[in-house]
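Next come the chains, spelled out residue by residue.
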Amino acid sequence: MSFVRACAVGEVPVGFAIPVDLGGDAEIAVVNTAEGFFAIRDECSHAAVPLSEGEVDGCTLECYMHGSRFDLRTGQPLELPAVAPVPVYPVRVDGGNVYVDPDNPIDIQEQ
């Protein structure tokens, strides 16, 4: 795994998401929840809009445009109109920083 520094812990308050560009094919949203940090592709699978602009509720992130909600642990859509999952990525918190492995999305089949 190749973890890359995404942001400082203090940059993402609990209950919020921020977009980060880790130099890969897509931006990633780093999300801070009461259960910890998560990383998800910052694009709704239903419409090409950033998920980082949506509302965090528990371990879910809502697309602000059409209301689809995605599980931050698996990327699975929980509400229509989205039916396809969004990639999620391994996260590690170390020394006040959040690290994400953008090259190795979590295999949702394992969830």
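As a starting point, this report considers the structure included with it. It should be emphasised that the depicted structure is a prediction, and the values quoted were computed from it without experimental measurement.

Let us look at the packing of aromatic side chains. This model, assessed by the stated rule, comprises 0 aromatic pairs. Lying across the ring of F3, R92 places its NZ or CZ 4.6 Å from the centre. Directly above the ring of Y99 sits R92, whose terminal nitrogen or CZ lies 5.3 Å from the centroid.

Here we take up the environment of R92. Tracing the chain through its elements places R92 in strand β9 (residues 91-94). Given a relative accessible area of 39%, R92 falls into the partly exposed group. If near-sequence neighbours (up to four positions away) are discounted, R92 is found in contact with F3, N97, V98 and Y99.

The subject of this paragraph is the pattern of salt bridges. Counted according to the given criterion, the structure contains 5 salt bridges. E62 is the partner of R69 in a salt bridge, and the nearest nitrogen-oxygen pair spans 3.2 Å. Residues joined in a network through salt bridges with shared partners are E35, D71 and R73.

Conventions adopted
Residues numbered from 1 in each chain as written. Predicted model: local features only at pLDDT ≥ 70, side-chain atom pairs only at ≥ 80, totals over all residues. Heavy atoms only, no water. Phe/Tyr/Trp six-rings, centres within 6.5 Å; stacked < 30°, edge-to-face > 60°. Lys NZ or Arg CZ within 6 Å of the ring centre and 35° of its normal. Helix = DSSP H or I, 4+ residues; strand = E, 2+ residues; numbered from the N terminus. Buried < 20%, exposed > 50% of the residue type's maximum accessible area, 1.4 Å probe, protein only. Contact = heavy atoms within 4.5 Å. Salt bridge = Lys/Arg side-chain N within 4 Å of Asp/Glu carboxyl O.

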